[in-house]
Amino acid sequence: MNSGFRKVYLVPVGICLAVIAGLIYYYFFSSLSARTTTTYIYIDSNDNIDSVYAKLEPIASHHGMTGFRTLVRHSRYADHIRPGRYEVAPGTGAFMVFRHLKNGAQAPISLTIPSVRTLDRLAGEVTRKLMIDSVALYHALTDPEVCRRYGYDTLTIGCMFIPNTYDVYWNISLEKFLERMKEENKNFWNDERTEKARDMGLSENEVITLASIVDEETSNDKEKPMIAGMYYNRLKHDMPLQADPTVKYALKRFELKRIYNNHLQVNSPFNTYRNTGLPPGPIRIPTVAGIDAVLNYVKHDYFYMCAKEDFSGTHNFAHTYEEHLQNAAKYSKALNERNIR
């Protein structure tokens, strides 16, 4: 075969191969997404191939969608759709997106456990970012048997949730989510924190319960160890904590600006005016700063505190009840001047 003959045949073949390679790249490896930012699609357990297409089409280019459909036709993906949260980034081709969906290679989400007051709020906030139903999570957290499985009861189950941020999959099951929270709790209670709690004579749950009160008293992280020290002094001397936030919790009236004598009569184990010691569980999911404030409490001899009359969010501390009454009078006067009832 002479060189002229080879050129006659090889040049068209080369052109055809180049065209084929270009088409393969265009449909399968150029960006499937028509958007300039990363987007996510959520595949539910009851999705079928048509609904998967419907979720991809609003963000996909025409050629990318054609490539994806072609890959589906030549695979068994339609019979084995995997639920999850999947990333579709600019520049990622149909082949890679298809591969991720087919293999269940999800993009995790950053889930932050919120510092909230009640279990229903916790369930609602958490499930906004998860496939788990909020009612199912709340029922689990208020089910004595479920709580007992993880070493808690319905009053202490909030102690299991450490308000950090965790990478989890969107379609994590309820059981695996609770197991993960239990594991993260164990990781949080390292040797150093456990030893500090032991030196205080408090259990982990008691530390978290005290931290929840401290967090309710102030959002000022610098003052929290001081407040923790004051409450710890009262605990050691068998004095009632007399913490106003526990009364609000007992009444479920978190909007109260002032606590009056009639509020103090509520018959509840959470009322620390009527009961000595710590309440039977936390009055909110405390912050990490609140927990560490208890473990690193300031050693002092104050037994009383009252919010400062300048409404700075900090407190006046007192050694004696007489000093405390003076501080309370100043704060009460400031409330009256502002007509706060």
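Reading guide: rules and limits
Residues numbered from 1 in each chain as written. Predicted model: local features only at pLDDT ≥ 70, side-chain atom pairs only at ≥ 80, totals over all residues. Heavy atoms only, no water. Helix = DSSP H or I, 4+ residues; strand = E, 2+ residues; numbered from the N terminus. Rg over C-alpha atoms; globule rule 2.2 N^0.38 Å. Buried < 20%, exposed > 50% of the residue type's maximum accessible area, 1.4 Å probe, protein only. Contact = heavy atoms within 4.5 Å. Areas by Shrake-Rupley, 256 points an atom, 1.4 Å probe, with all protein chains shown as cover. Lys, Arg positive; Asp, Glu negative; His and termini not counted. Charge placed at Lys NZ, Arg CZ, Asp CG, Glu CD. Arc of directions from axis to C-beta. Polar contact = N/O pair within 3.5 Å; in protein donor to acceptor, adjacent residues only side chain to side chain. Core = buried A, V, L, I, M, F, W, Y, C linked by side-chain atoms within 4.5 Å. Domains from an automatic or database assignment. Patch = residues over 30% accessible without salt bridge, like charges linked within 9 Å, V, L, I, M, F, W, Y side chains within 5 Å. Salt bridge = Lys/Arg side-chain N within 4 Å of Asp/Glu carboxyl O. UniProt positions renumbered as here; feature names shortened; annotations may be inferred. Axes fitted to C-alpha atoms, helices over the stretch in contact; angles between N-to-C directions. Parallel < 35°, antiparallel > 145°, perpendicular 65-115°, else oblique. Left-handed = near helix turned anticlockwise from the far one by under 90°. Nonpolar A, V, L, I, M, F, W, Y, C, P; charged D, E, K, R; others polar. Buried area = accessible area lost by both parts, 1.4 Å probe.

### Comments concerning the overall build of the protein
- When helices and strands are tallied, the protein shows 14 helices and six strands.
- Taken over C-alpha atoms, the radius of gyration comes to 30 Å for the protein, far larger than the 20 Å a tight globule of 341 residues would show.
- C-alpha atoms of the protein, sized along the principal axes, occupy 115 × 45 × 40 Å.
- Counting the 341 residues in the protein, one finds 44% classified as buried.
- If you take every contact in the protein between residues at least 6 apart in sequence, the share linking residues at least 24 apart comes to 65%.
- For the protein, the accessible surface area stands at approximately 18100 Å², while carbon and sulfur atoms represent 51% of it.
- In the protein, which carries 41 positive and 38 negative side-chain charges, the distance between the mean positions of the two groups comes to 7 Å.

### Considerations on helix H2 (residues 49-56)
- Taken residue by residue, H2 has Ile-49, Val-52, Tyr-53 and Leu-56 as its buried positions. Burial along H2 is one-sided: seen end-on, the buried residues are contained in an arc of 100°.
- Of the surrounding secondary structure, the elements contacted by the buried residues of H2 are strand E1 (39-43), helix H3 (62-73), strand E2 (84-88) and helix H4 (94-103).
- Two or three places before Asp-50, at the start of H2, stands the capping residue Asn-48, its side-chain oxygen 3.1 Å from that residue's backbone nitrogen.

### A look at the nonpolar core
- Ranked by internal contacts, the top residues of the largest apolar core, which has 64 residues, are Phe-161, Phe-177 and Leu-178.
- Two domains each put at least three residues into this core: domain 2 (109-188) and domain 3 (194-300).
- Excluding residues within four positions of it along the chain, Phe-161 makes contact with Ile-113, Leu-122, Leu-141, Phe-177, Leu-178, Met-181 and Ile-285.
- Within the second largest apolar cluster, 22 residues are counted, among which are Ile-59, Leu-71, Val-97 and Phe-98.

### Notes on a nonpolar patch on the surface
- On the surface, a nonpolar cluster with roughly 740 Å² of combined accessible area is contributed by Val-13, Leu-17, Ile-20, Ile-24, Tyr-25, Phe-29, Phe-95 and Met-96.
- Counting only elements with at least two residues in the nonpolar patch, the list comes to helix H1 (3-29) and H4.
- Among the elements that line the nonpolar patch, the one with the most residues is H1, at six residues.
- Counting through the fold element by element, Leu-17 comes out in helix H1.
- For Leu-17, a relative accessible area of 54% translates into the label exposed.

### Observations regarding helix H13 (residues 288-295)
- For H13, a buried count of six out of eight residues is recorded, marking the element as mostly surrounded by other parts of the structure.
- On its buried face, H13 sits against helix H8 (174-188), helix H9 (191-200), helix H10 (204-217) and helix H11 (224-236).

### Comments concerning the side chain of Thr-156
- Looking at where Thr-156 falls in the secondary structure, it is placed in the loop between helix H7 (144-149) and strand E4 (165-168).
- Contact partners of Thr-156, with chain neighbours within four places excluded, come to Asn-205, Pro-280, Gly-281 and Pro-282.

### Topic: the environment of Ala-211
- Tracing the chain through its elements places Ala-211 in helix H10.
- Its relative accessible area of 0% is what places Ala-211 among the buried residues.
- Excluding its chain neighbours within four sequence positions, the residues that come into contact with Ala-211 are Pro-286, Gly-290, Ile-291 and Val-294.

### Observations concerning the UniProt feature "site: Important for catalytic activity" (unreviewed entry) in the protein
- With numbering matched to this structure, UniProt assigns "site: Important for catalytic activity" (unreviewed entry) to Glu-217.
- Residues in contact with Glu-217, not counting those within four places in the same chain, are Ile-227, Tyr-231, Ala-243, Asp-244, Pro-245, Met-305 and His-315.

### Digging into the packing of helix H6 (residues 134-141) against H8
- Their axes nearest at 11 Å, the elements H6 and H8 cross at an angle of 55°. Accordingly, the angle class assigned to the pair H6 and H8 is oblique. For H6 against H8, the interelement crossing comes out right-handed. From H6, Ala-136, Leu-137, Ala-140 and Leu-141 reach across to H8, where they touch Leu-174, Phe-177 and Leu-178.
- A breakdown of the residues in the contact of H6 with H8 according to their chemical character gives seven nonpolar, no polar and no charged.

### Here's the deal with the domain arrangement of the protein
- Structurally, the protein comprises domain 1 (23-103), domain 2 (109-188) and domain 3 (194-300).
- For domain 2 versus domain 3, the separation of C-alpha centres amounts to 22 Å.
- Listed by partner, the interface residues are 17 residues for domain 2 and 19 residues for domain 3.
- Both sides of the domain 2 and domain 3 interface together cover about 1500 Å² of buried area, and 65% of this is carbon and sulfur.
- It is Arg-117, Leu-155 and Cys-159 in domain 2 that bury the most area against domain 3; as a group they hold 41% of the surface buried on that side.
- In this assembly, domain 2 and domain 3 are joined by one salt bridge.
- A salt bridge links Arg-117 to Glu-216; the shortest N-O distance between them is 3.2 Å.
- At the surface where domain 2 touches domain 3, the tally comes to four residue pairs in polar contact (both at pLDDT 80 or more).

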